[in-house]
Amino acid sequence: MAIFNTKAKHLFKRGLIVAGAAFCLIEIYYIGQVLYYSKAEITTSAYIESERERLGKVTVRPVPLLRVSNNMIRAVIAAEDVNFLNHNGIEWKALQTAFISNVLEGEAAPGGSTITQQLIKNLFLSHKKSYIRKAQEIVLAKVMEATWSKGRILQTYLNVAEFGQGIFGVEAAAQHYYGQRASTLNHWQSLWLACILSNPRYYEKRGSTRWLEIRMRRVSRAMTFPEVYRVNNRLQ
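Summarised in this report is the structure supplied together with it. (Residues numbered from 1 in each chain as written. Predicted model: local features only at pLDDT ≥ 70, side-chain atom pairs only at ≥ 80, totals over all residues. Heavy atoms only, no water.)

1. As for helix α2 (residues 46–55)
And step 1. Along α2, the positions that sit buried rather than exposed are Tyr47, Ile48 and Glu51. Taken around the axis of α2, the buried residues stretch over an arc of 100°, which confines them to a single face.
And step 2. Where α2 is buried, its residues contact β1 (59–60), α5 (115–124), α7 (150–160), β2 (162–164), β3 (167–168) and α10 (200–206).
And step 3. In the stretch just after α2, glycine 56 is the one whose phi turns positive, near 95°. (Buried < 20%, exposed > 50% of the residue type's maximum accessible area, 1.4 Å probe, protein only. Helix = DSSP H or I, 4+ residues; strand = E, 2+ residues; numbered from the N terminus. Arc of directions from axis to C-beta. Contact = heavy atoms within 4.5 Å.)

2. Examining the packing of aromatic side chains
And step 1. Throughout the structure, instances matching the rule amount to six aromatic pairs.
And step 2. Their ring planes at 45° and their centres at 6.3 Å tell us that tyrosine 37 and phenylalanine 124 sit as a pair that is tilted. Of the two residues, tyrosine 37 sits in the loop between α1 (2–36) and α2 while phenylalanine 124 sits in helix α5, which places them 87 residues apart along the sequence.
And step 3. A relative accessible area of 26% places tyrosine 37 in the partly exposed class.
And step 4. Clustering of aromatic rings is evident, with ring pairs tying together Tyr36, Tyr37 and Phe124.
And step 5. Over the ring of tyrosine 229 we find arginine 74, and its NZ or CZ is 4.3 Å from the ring centre. (Phe/Tyr/Trp six-rings, centres within 6.5 Å; stacked < 30°, edge-to-face > 60°. Lys NZ or Arg CZ within 6 Å of the ring centre and 35° of its normal.)

3. Observations concerning the pattern of salt bridges
And step 1. Summed over the entire model, instances satisfying the criterion amount to 10 salt bridges.
And step 2. Here glutamate 51 and arginine 54 are joined by a salt bridge, their closest N and O atoms 2.8 Å apart. One end of the pair, glutamate 51, and the other, arginine 54, are both in helix α2, three residues apart, so they sit about a helical turn from each other.
And step 3. Classification of glutamate 51 by relative accessible area gives buried; the value is 5%.
And step 4. Connected through shared salt-bridge partners, Glu51, Arg54, Glu162 and Arg201 make up one network. (Salt bridge = Lys/Arg side-chain N within 4 Å of Asp/Glu carboxyl O.)

4. What to know about the nonpolar core
And step 1. Residues Met72, Met144, Leu154, Phe163 and Leu193 are the most contacted members of the largest nonpolar core, which totals 63 residues.
And step 2. Sort the elements by how many residues they give to this core and helix α3 (residues 70–80) lands first, with seven residues.
And step 3. With residues near it in sequence (within four places) discarded, leucine 154 still touches Leu65, Ile73, Ile77, Phe84, Ile115, Val231 and Leu235. (Core = buried A, V, L, I, M, F, W, Y, C linked by side-chain atoms within 4.5 Å.)

5. Observations regarding the environment of asparagine 88
And step 1. With respect to the helices, strands and loops of the structure, asparagine 88 is situated in the loop between α3 and α4 (92–104).
And step 2. Separated by 55 residues in sequence, asparagine 88 and valine 143 have C-alpha atoms that sit 9.5 Å apart.
And step 3. If near-sequence neighbours (up to four positions away) are discounted, asparagine 88 is found in contact with Ala141, Lys142 and Glu145.
And step 4. Within the structure, the side chain of asparagine 88 is placed 3.3 Å from the side chain of lysine 142, a separation counted as a polar contact. (Polar contact = N/O pair within 3.5 Å; in protein donor to acceptor, adjacent residues only side chain to side chain.)

6. Notes on the side chain of asparagine 159
And step 1. One can find asparagine 159 in helix α7.
And step 2. Given the relative accessible area of 7%, asparagine 159 is considered buried.
And step 3. Not counting the four nearest positions on each side in its chain, asparagine 159 is found in contact with Val60, Arg61, Pro62, Val63, Phe168 and Gly169.

Structure, rendered in structure tokens:
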């Protein structure tokens, strides 16, 4: 029995070492991807390609940040990541709050992800929720913040975010919902698009709900915060 327990412990330790080594190798690959795309052109993402395979067709129209209205830029920052300019990829307090609610208290809560983390997930990772994926997000978000400019992060996020089934990027969304360019979106159009990011396919069908209207009012107020209002389409 003692010999069996010793063997089991040995196998367990070996398994942990192998799993740890595999995780490190995978992270090295993704770190290489983050570094490469800090300069390379980005026209799609892992999530977009998975949806293209599922749906057969998607609409993606990447545009430079200068061709996105300041209304839209500020609405997205206010809705998704008020402290975008000030953090280095992770909002630790938000992560802690989400962990306590989701795991310790068993209540559904937002994932506490910054725009940088969301971009990492959309560009490179699976959308399946797991602690391993969240750990990958955190590591890669730190790498991205160290090697990408804030302007590039925001531009890429706006170009690959999902705004409805098969609709990716703010330019495609502006044309789909309003028949106009992203550069011409007004305050309320931008506000609605930014607020549906939490569940775009649902709101594409429903249009609006009482909860969304309340959220829009809150986000509209947040757009006047100094840390949000100073963000514009000339962000580098």
